[in-house]
Amino acid sequence: MSRLTEFLHGGLRVCASGCTALLFSVAPPAHAASENVAQVGDWKGIGRAATPAEVRAWDIDVRPDFKGLPKGAGTVARGQEIWESKCATCHGVFGEATHVFTPIAGGVHSEDLKAGHTASLLKPTEARTTVMKLSHVSTLWDYINRAMPWNAPRSLSIDEVYAVTAYVLNLGSVLPDDFTLSNENVAEVQARLPNRDGMTMDHGMWSVKGKPDVRNVACMKGCAVDVKVASVLPEAARPAHGNLADQNRTIGPVRGVVTAAQVAGTAPAVPSQGVAMLQLANKGACLSCHQIETKVVGPAFREVAAKYKGDPKAFATLIAKVKNGGQGIWGAIPMPPAQSLSDEEIGKLVRWVLDGTPQ
Amino acid sequence: MSALPRAALPGRLQRAPEGFLQPAQIREVAAGRRGFLRSAFAAAAGLRLAGAARAQPPGEEVILRPQPWATSLGQPVAAFPYGQPSKYEKNLMRRESPGLTRVSAASVAFSPLQGMFGIITASGLHFERHHQGWEDIDPSKHRLMVNGLVKQETVFTMDELMRLPSVSRIHFIECGANTGMEWGNVAVPTVQYTHGMLSCSEFTGVRLIDVLDHLGYDRKKGRYVLAEGGDGSGMTRTIPMELVESGEVLLAYGMNGEMLRPENGYPLRLVVPGVQGVSWVKWLRRIEVGDMPYATKDETVHYVDLMPNGQLRQYTSIQEAKSVITTPSGGQMLLDKGFYNVSGIAWSGRGKIKRVDVSSDGGRNWRSARLETPVLSKALTRFNIGWVWDGAPAILQSRAMDETGYVQPKINQLRAVRGTRSIYHNNAIQSWQVAQSGEVSNVQAY
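How each quantity is defined
Residues numbered from 1 in each chain as written. Chains lettered and ligands numbered in written order. Predicted model: local features only at pLDDT ≥ 70, side-chain atom pairs only at ≥ 80, totals over all residues. Heavy atoms only, no water. Contact = heavy atoms within 4.5 Å. Buried area = accessible area lost by both parts, 1.4 Å probe. Salt bridge = Lys/Arg side-chain N within 4 Å of Asp/Glu carboxyl O. Polar contact = N/O pair within 3.5 Å; in protein donor to acceptor, adjacent residues only side chain to side chain. Nonpolar A, V, L, I, M, F, W, Y, C, P; charged D, E, K, R; others polar. Pairing = 2+ DSSP bridges. Helix = DSSP H or I, 4+ residues; strand = E, 2+ residues; numbered from the N terminus. Expected span 1.5 Å × (residues − 1). Buried < 20%, exposed > 50% of the residue type's maximum accessible area, 1.4 Å probe, protein only. pLDDT = per-residue confidence, 0-100. Disulfide = S-S within 2.5 Å.

1. Digging into the interface of chain B and chain A
Now for step 1: In this assembly, 144 residues from chain B lie in contact with 128 residues from chain A.
Now for step 2: Summed over the three residues of chain B that lose the most area to chain A, namely R102, H214 and R421 of chain B, the buried surface amounts to 7% of that side.
Now for step 3: Joining chain B to chain A, the criterion identifies nine salt bridges.
Now for step 4: For R238 of chain A, the salt bridge goes to E439 of chain B, with nearest N and O atoms at 3.0 Å.
Now for step 5: Across the chain B-chain A interface, the total number found is 59 residue pairs in polar contact (both at pLDDT 80 or more).
Now for step 6: When its residues are assigned to classes, the side of chain B that touches chain A shows 62 nonpolar, 44 polar and 38 charged.
Now for step 7: Alignment of strand 5 (residues 229–232) of chain A against strand 24 (residues 440–445) of chain B, held across three bridges, turns out to be antiparallel. Paired with V232 of chain A across the bridge in strand 24 of chain B is V443 of chain B.

2. Digging into helix 9 (residues 158–171) of chain A
Residues and elements named next belong to chain A.
Now for step 1: Between the first and last C-alpha of helix 9 there are 20 Å, a value that for 14 residues agrees with the 20 Å anticipated at 1.5 Å per step.
Now for step 2: Counted residue by residue, helix 9 has 12 buried out of 14 residues, so it is predominantly covered.
Now for step 3: Taken as a whole, helix 9 has its buried residues at E160, V161, Y162, A163, V164, T165, A166, Y167, V168, L169, N170 and L171.
Now for step 4: A positive backbone phi angle near 65° is found at S173, which sits one or two residues after helix 9.

3. Notes on the confidence of the model for chain B
Residues and elements named next belong to chain B.
Now for step 1: Residue-level pLDDT values for chain B average 90, and 88% of them are 70 or greater.
Now for step 2: When the criterion is pLDDT under 50, residues 1–20 qualifies, and its contacts beyond four places in sequence or with other chains add up to 52 contacts.
Now for step 3: Scored below 50 in pLDDT, residues 34–52 makes 23 contacts in the model with residues more than four places away or belonging to other chains.
Now for step 4: Note on the complex model: pTM 0.79, ipTM 0.87.

4. Section: the state of the cysteines
Should the sulfur atoms of two cysteines be covalently bonded, the bond is a disulfide.
All names here are of chain A.
Now for step 1: The final tally for this structure, using the stated rule, is one disulfide over all chains.
Now for step 2: One disulfide in the model links C219 with C223; its S-S distance is 2.0 Å. What sets the handedness of the C219 and C223 disulfide is the S-S torsion sign, and at about -100° it is left-handed.
Now for step 3: In this structure C223 comes out as partly exposed when scored by relative accessible area, which is 23%.
Now for step 4: For the unlinked cysteine C87, the closest cysteine sulfur is that of C90, found at 8.9 Å.

5. Notes on the pattern of salt bridges
Now for step 1: Inspection of every chain in the model, using the stated rule, returns 39 salt bridges over all chains.
Now for step 2: Residue D213 of chain A pairs with R418 of chain B through a salt bridge whose shortest N-O separation is 2.8 Å. With D213 of chain A in the loop between strand 4 (199–200) and strand 5 and R418 of chain B in helix 9 (residues 411–418), this residue pair bridges two chains.
Now for step 3: Take R418 of chain B: its relative accessible area is 1%, and that puts it in the buried class.
Now for step 4: Among the charged side chains, a network of salt bridges with common partners joins D59, D61, D142 and R146 of chain A together with E228, R285, R286 and E288 of chain B.

Below, the structure written as structure tokens:
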């Protein structure tokens, strides 16, 4: 067995110096396998060479040194058109929206472009937008190219990705209105990014040899003499996750705490309409997206009642909508078809929503 | 009994009374009126207890009266060709945390740790985190491409990958954002939401190093691997080659004896033991060997840790040692004073768990718990320890130590270094406060 095949078969885990040079100076067999099986075995015929077209089709990543970035260009103005037709429903016209995801743009100031650090990352109240954190243009270009629009990834052309990347950076106060972003000037744009120097690798959590930054000691007796409860669950958060009694086993050493019922003693013998309907809505998983008063993923039930007040067709339309799902009335986010509810139950729920969710 | 607010309890009407206790009953127990428990079987028989005076029945109905399951013919084999949990177990399911994310295709479903045993996560309860929804990919159309700094850029089918030498290994997977909601303050009620982005399975697959060796990768320059998913998000993460060379990184297709579930990356995912879940790229379609890190979206604008000085720590990946008590835990109610088996899990991204200590007085005094075997590297380890609750308020905590000697920190120690605005890598000691009523709740105590 030659050193090369031995090497290729993992027989030599640690190579003597010169081994890599040897490997890359010898023309390999079409498949790096041989007659002689060391530990791994003869893999001849397993796997085939990727064709250049296949590699081009899948190797789409763009690195910080712009390796992988295809040639192309796009203007901020063209980017605005794309943004407003394909992105703004979810991200907002100014990249400010929070109903689908965190804001994309905002929080960057002109001093940041000079500093290379986004100052507002230090402000506890400021939402952390994408552009505030962004340290590489390649990251933004690559991500839009591979994954956006969210519901139709890989549908933009190369030039469209340049244009809309330019527009996101324009919304983010990095590029002027008349800018054309291209593979030629992308390095200059990199040099303007507000948070280009905002990353650090000074930590021990990547390398297996890295050292942890926080240390505790395993004291056993009389350790913290003055234990304080510094934070407790806010009262409002207790029922926010539904009835915890329904999230625990009904046998065993403990039970889940009842968090969704009225106070003992004041409870009526029969569940009120409101409680019964909430149970039904819970069974139908509606409450993961809807609340009575506030908009979550879907509109607040009160908003729905207000919108369709006095509309005689609403009852039938909404039953069909809940049954089959749909989108476009309240925004771009779709509602999935209702599961685990009968038609009758859906009817009851819709009636209750339209009646203004009485208690 | 008649004063019990049964009707007010959602979903409670149909259940047999012996299966659960109502809040008022729990309060009676907590107040020491245990006689109530003895009379519970009478209630089970549907008897109404009118006041105090009544004769002791000769025994429990469930014993004295033949039950339907003992007096009838049961279901045939393969009634469910793919088995299901008991209908009585439906409370334990994956759940989202309301308000955490905006849309459920870019969201998290948490594992119900509060009701789980041992170290293996039932595949149907494995936590979910998707960035662009999940897909059920036709495995005959799935390909793995390996390109970049290899002698021969190569495509594998699943048929081919599954022919290669396989290994099976048990490892935990934890999302880097697990417990992230608690960096600032207590935010969520139960261990499902505080720690449920955590699962542990036996994974089967091919060692990535064997494939790279076979293809002749450039050991000198090829110090990084990019893993890319085949779904719409095309999830990409950089893995340092030193991890791959350790032989631990797997191209996995098996999970707990069956193929991966679609939500977990069917038919192929990367397994990167000790490293946060986002690097365990699902629906894996491509491995690229390169000479620099890739700064992808989920290692540049997310999964970065904001430090008090405004710098973002990039490529923080290894999950430091951590533990949590799962029984009893937040949102649960102790039914009585007396003995409890305090049980929980511990894990470390740097190796094996060496010791877990448990305190019931908020961290003043500690006792070492019993570790259940097997104790495996970068896997969950189950711990148990007896505790007698005297009915007084208590604060339960667990503290893990791994084989490197690292001791799980307190939240104030973490904050002293990293501030309060980080989202990721909160491995702080968890405190559960037990109130006199028996109710257990989430607190931060130090």
